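# Structural features, examined
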Amino acid sequence: MHRVLPAIVSFLFASMAYAHSDDVAIQTSADLRDWCRMASEAHFVGRGQTPYNWVASHVERGNALRVDGRWRVEGRERVITCRAPRGAQQRFATMDIAGD
């Protein structure tokens, strides 16, 4: 038992470190725009819907990054707003989809 416990603890820490190893930092509003497009597209595809005609504008105010985007989904315009502080990892970005 004394050998098993350290192995389990070591495995858990390695798993936690790996969980976010590909989580890159968002440095610019263009980085956030790209993340916002991928995350919102995945949201709609996951619901069995096909988004098309992505359009977005992005703003940087100090360390605050914001993206206002739009998709056409099933004949409706869907408004997406994404925000993140400059330098934050992607998992800390937020996405709001109007009407969801």
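Note that the coordinates shown come from a computational prediction; the quantities given were computed from them, not determined experimentally.

### Remarks on the overall build of the protein
The helix and strand inventory of the protein stands at 2 helices and 4 strands. Out of the 100 residues belonging to the protein, those deemed buried represent 25%. Taking the intrachain contacts of the protein between residues at least 6 apart in sequence as the baseline, contacts between residues at least 24 apart amount to 46%. Of the roughly 6800 Å² that the protein leaves accessible, carbon and sulfur atoms contribute 56%.

### A closer look at the confidence of the model for the protein
Mean pLDDT over the protein works out to 85, with 78% of the residues at or above the 70 mark. Within the protein, no element has a lower average pLDDT than helix α1 (residues 4–19), which sits at 44, and none a higher one than strand β2 (residues 64–73), at 98. Scored below 50 in pLDDT, residues 3–18 makes 0 contacts in the model with residues more than four places away or belonging to other chains.

### Quick notes on the sheet that holds strand β3 (residues 76–85)
Taken together, 4 strands build an open sheet; the order of strands is β1-β2-β3-β4 and the sheet is antiparallel. Unpaired on one side and paired on the other, β1 (51–61) and β4 (94–97) mark the two borders of the sheet. Ignoring strand direction, the axes of neighbouring strands in this sheet form an average angle of 20 degrees. Relative to β4, β3 runs antiparallel, the two sharing 4 bridges. The residue of β4 that forms the bridge with I80 is I97.

### Description of the side chain of T81
Its location among the elements puts T81 in strand β3. Among all residues touching T81, those that are not within four sequence positions of it are R66, V67, D68, T94, M95 and D96.

### Describing the nonpolar core
Core analysis: the largest hydrophobic core is formed by 16 residues, its most contacted members being L32, W35, C36, I80 and C82. Secondary structure elements with two or more residues in this core: α2 (29–46), β2 and β3. For this core, the element with the most residues is α2, which contributes 5 residues. Contacts of C36, omitting those with residues within four sequence positions, involve W54, V67, I80, C82 and M95.

### Quick notes on the pairing of β2
Residues L65, V67, G69, W71 and V73 line the buried face of β2, whereas the alternating positions A64, R66, D68, R70 and R72 sit on a face that is not buried. Note: β1 against β2, 9 bridges, orientation antiparallel. Paired with P51 across the bridge in β2 is V73. The antiparallel pairing of β1 with β2 creates a hairpin that spans 2 residues between the two strands, and G62 there sits at a positive phi of about 65 degrees. In terms of strand pairing, β2 meets β3 through 10 bridges, oriented antiparallel. Along β3, the bridge assignment pairs A64 with P85. In sequence, β2 turns back onto β3 through a hairpin of 2 residues, with E74 there showing a positive phi of about 50 degrees.

Cut-offs applied
Residues numbered from 1 in each chain as written. Predicted model: local features only at pLDDT ≥ 70, side-chain atom pairs only at ≥ 80, totals over all residues. Heavy atoms only, no water. Helix = DSSP H or I, 4+ residues; strand = E, 2+ residues; numbered from the N terminus. Buried < 20%, exposed > 50% of the residue type's maximum accessible area, 1.4 Å probe, protein only. Contact = heavy atoms within 4.5 Å. Areas by Shrake-Rupley, 256 points an atom, 1.4 Å probe, with all protein chains shown as cover. pLDDT = per-residue confidence, 0-100. Pairing = 2+ DSSP bridges. Axes fitted to C-alpha atoms, helices over the stretch in contact; angles between N-to-C directions. Core = buried A, V, L, I, M, F, W, Y, C linked by side-chain atoms within 4.5 Å.

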